[in-house]
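The residues making up each chain are set out below.
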Amino acid sequence: MSILDQIPTNASVVVIRLRSLGDTVLTTPALRLLKSSRPDLSITAVVERSFVPLLEGNSDLADLIPVDRGGRAKLRAAAAIRRRKPALCLNLHGGSTSA
């Protein structure tokens, strides 16, 4: 049984990808794969504010959470993630900022 099989129907999933323009672009195939595997999921991407235009209008996403630089901005982003009550949070960045 895969992790996707364990996520409840119509659940929220958050995908975090911070810092890099190129890596944000390269996240789009992962979003497509996730959505095609589980079309019922509501996927939110968390990206640096300057990269939001890259993902706006992406049909695989239900929402975007922009992250500004600075401590308070990160706290606001964390609160926005918590409000979605995700069944799964994928951290594609792996650095201390996204943690």
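(A) Representation of the overall build of the chain within the structure. Broken down by element type, the chain carries 5 helices and 4 strands. The helix and strand sequence of the chain, counted from the amino end, reads α-β-α-α-β-α-β-α-β. Over its C-alpha atoms the chain spans a radius of gyration of 13 Å, differing by no more than 12% from the 13 Å that the globule rule assigns to 99 residues. If you line up the chain on its principal axes, its C-alpha atoms span 40 × 25 × 20 Å.

(B) Here's a closer look at the sheet that holds strand E2 (residues 42–48). The strand order across the open sheet built from 4 strands is E3-E2-E1-E4, with neighbouring strands paired in parallel fashion. Taken across any chain shown, the strands that pair with only one partner, and hence form the sheet edges, are strand E3 (63–67) and strand E4 (88–91). Put simply, the sheet's adjacent strands are angled 20 degrees from each other on average, direction ignored. The pairing of strand E1 (residues 12–16) with E4 spans 4 bridges and is parallel. Bridging across to E4, Val14 finds its partner in Cys89. Sitting on the sheet, helix H5 (residues 71–83) touches E1, E2 and E3, and the angle it makes with E3 is about 160 degrees.

(C) Fine view of helix H3 (residues 28–37). All of the buried residues in H3 are Leu31, Leu34 and Lys35. Angular distribution of buried residues about the axis of H3 spans 95 degrees; they occupy a single face of the element. Against helix H1 (3–6), E1, E2, helix H4 (52–55) and E4 lie the buried residues of H3.

(D) Expanded view of unusual backbone geometry. In the Ramachandran plot, Asn10 falls in the positive-phi region, its phi being about 60 degrees despite a non-glycine side chain. Structurally, Asn10 is set in the loop between H1 and E1. With relative accessibility at 57%, the residue Asn10 sits in the exposed group. One non-glycine residue, Lys85, lies in positive phi territory at about 45 degrees. Secondary-structure assignment places Lys85 in the loop between H5 and E4. Note on Lys85: relative accessible area 69%, which makes it exposed.

Conventions used here
- Position labels on residues start from 1 in each chain and follow its written sequence.
- Side-chain atom pairs in this predicted model are given and counted only at pLDDT of 80 or more, local residue features only at pLDDT of at least 70, and totals for whole chains, interfaces and linings cover all residues.
- Hydrogen atoms and water are omitted, and side-chain values are computed over all heavy atoms in the structure.
- Numbering goes from the N terminus for both helices and strands, where a helix is a DSSP run of H or I of at least four residues and a strand is a run of E of at least two.
- Here the globule rule is a power law, 2.2 Å times the number of residues to the power 0.38, and the radius of gyration is based on C-alpha atoms.
- Only strands joined by at least two bridges in the DSSP assignment are considered to pair.
- Think of each axis as a best-fit line through the C-alpha atoms, taken over the contacting stretch in the case of a helix, with angles from 0 to 180 degrees between the N-to-C directions.
- Note on contacts: a residue pair qualifies if any of its non-hydrogen atoms lie within 4.5 Å across the two residues.
- Classification of residues uses two cut-offs on accessible area relative to the type maximum, computed with a 1.4 Å probe and protein chains only: under 20% is buried, over 50% is exposed, and between them is partly exposed.
- Each direction from the helix axis to a C-beta atom contributes to the arc, which is the arc of those directions.

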